[in-house]
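The primary structure of each chain is shown beneath.
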Amino acid sequence: MNSVVVPAPARPPGSPLSGVKHVIAVGSGKGGVGKSTTAVNLALALSKLGARVGLMDADIYGPSIPRLLGTLETPLEDPTSGKIRPPLAHGLKVMSMGLLAQGQTPTVWRGPMASRAVTQFLSEIDWGELDYLIVDLPPGTGDIQLTLAQSARLSGAIVVTTPQVLAQDIAKRGLKMFQQLRIPVLGLVENMSEYICPECGHHGHIFKSGGGEKVSSELGIPLLAKIPLDPTLVDESDQGISLFESRADCEVAKAFLSLAQNMASELSTVLSGGRSEKATVVSIEPHAPSSLAKVIWSDGKQSAISFKDLRFFCPCANCVDENTGHRKIKKEQIAGDIKPTRIQTVGNYALGIHFSDGHNTGIYSYDYLRRILFSETEGPRV
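Attention here is on the structure that accompanies the text. What you see is a predicted model; the values in this text were computed from it and never measured.

Another point: the packing of aromatic side chains. On inspection of all chains with the given rule, the structure shows 2 aromatic pairs. Seen in terms of ring centroids, Phe 312 and Phe 313 are 5.3 Å apart; in terms of plane orientation they differ by 70°. Their pairing is edge-to-face. Its relative accessible area of 16% is what places Phe 312 among the buried residues. With relative accessibility at 16%, the residue Phe 313 sits in the buried group. With centroids separated by 6.3 Å and ring planes inclined at 45°, the aromatic side chains of Tyr 364 and Tyr 368 adopt a geometry described as tilted. Judged by its relative accessible area of 0%, Tyr 364 is buried. In this structure Tyr 368 comes out as buried when scored by relative accessible area, which is 13%. In this arrangement the basic side chain of Arg 327 is found over the ring face of Phe 312, its NZ or CZ atom lying 5.3 Å from the centre. Over the ring of Phe 312 we find Lys 331; its NZ or CZ atom is 5.1 Å from the centre of that ring.

On to the nonpolar core, then. Among the nonpolar cores identified, the biggest contains 48 residues, and Leu 46, Tyr 132 and Ile 134 are the most heavily contacted of them. Met 97, Val 135, Ala 149 and Leu 188 belong to the second largest nonpolar core, which has 36 residues in total.

On to the environment of Gly 336, then. Structurally, Gly 336 is set in the loop between helix H11 (307-312) and strand S15 (340-346). With 30 residues separating them in the primary sequence, Gly 336 and Ser 306 have C-alpha atoms 10.0 Å apart.

What follows deals with the side chain of Asp 230. Here Asp 230 is to be found in the loop between strand S11 (223-229) and helix H8 (231-239). Classification of Asp 230 by relative accessible area gives buried; the value is 10%. Dropping the residues within four chain positions of it, Asp 230 is found in contact with Arg 247 and Val 252.

Along the chain, Asp 59 falls in the loop between strand S2 (53-57) and helix H2 (65-69). This buried residue, Asp 59, is left without a salt bridge; Lys 35 holds the nearest opposite charge, at 4.7 Å. With sequence-adjacent residues up to four places away left out, Asp 59 is seen in contact with Asp 136, Pro 138 and Pro 139.

Cut-offs used in this document
Residues numbered from 1 in each chain as written. Predicted model: local features only at pLDDT ≥ 70, side-chain atom pairs only at ≥ 80, totals over all residues. Heavy atoms only, no water. Phe/Tyr/Trp six-rings, centres within 6.5 Å; stacked < 30°, edge-to-face > 60°. Buried < 20%, exposed > 50% of the residue type's maximum accessible area, 1.4 Å probe, protein only. Lys NZ or Arg CZ within 6 Å of the ring centre and 35° of its normal. Core = buried A, V, L, I, M, F, W, Y, C linked by side-chain atoms within 4.5 Å. Helix = DSSP H or I, 4+ residues; strand = E, 2+ residues; numbered from the N terminus. Contact = heavy atoms within 4.5 Å. Lys, Arg positive; Asp, Glu negative; His and termini not counted. Salt bridge = Lys/Arg side-chain N within 4 Å of Asp/Glu carboxyl O.

If you want it as structure tokens, here you go:
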């Protein structure tokens, strides 16, 4: 088996992406760090190393994947399945809003519409059998990132930054967002780490050096690769030329191949349990007396909380003032016989709880539940 092809638990038959082993998100806290270029060349590198790869452009407002891959082929519907067949570009299956809404007309949509488009890209595209679906996220930490976490079983995420201090600070936000969503962060990519002169081959630092190592050390996240700034790559990307077809032996190509191999290695480590992750909820169930809920955690700990407290600690905007953080609801307003009527997982990072009083907008992240249900120093809340 090729070293970059990592086995994965099977998805349920008939579910969206049932033939995709791993969905990997590539994100950043800000624009202008080369995130899309990184996503494209990571996908191309994985393909060159023998993996079956798809590339999904989730940047609905500013899609750049079609230009970077040099394709404007319009996706067509399969008359048998009714699903959309993604065009092929340099051996990759590709889907982007830029292939559907071609031309200079901007996509002027509110957040929910963009999120719905991402959901359709996951469920209505015939991705077929893939080892990896690389998802190029838009900058920031908004609706699309949350939708992806809820709609797809993400195997992991990669965060792209540059050596600049500002980019490092914002990259930390992106890293923490993935961690809050219970998505394993496979590592960090420092793009534009140094400049390679095309004439003499001299290496120079346009930005400060060592930024990637600093963030990696502070947050305990592997630095997967340092990608040099190569002017020729900029020109080739504008023309949709694949780096691995034009200059497969250059330093930047070797850096992306190293990124692909290191990412696969980290993914394998995470899946095997070799990297410690925060505890998740194994089960939540009624507990005697009947007004209590018992929570069992993946690290073996157990905790309990009354249904009334669970309802009182709801973190949604209807219950907590977003500006002040003050709780709007009072405990005495909650019925003594309240109980959960439905508990469902949200992505791989939270629980959505419906209550008998009709309240159903609370999403309790595992980290938040851990804080309200169990204090590591004070013991379980009962």
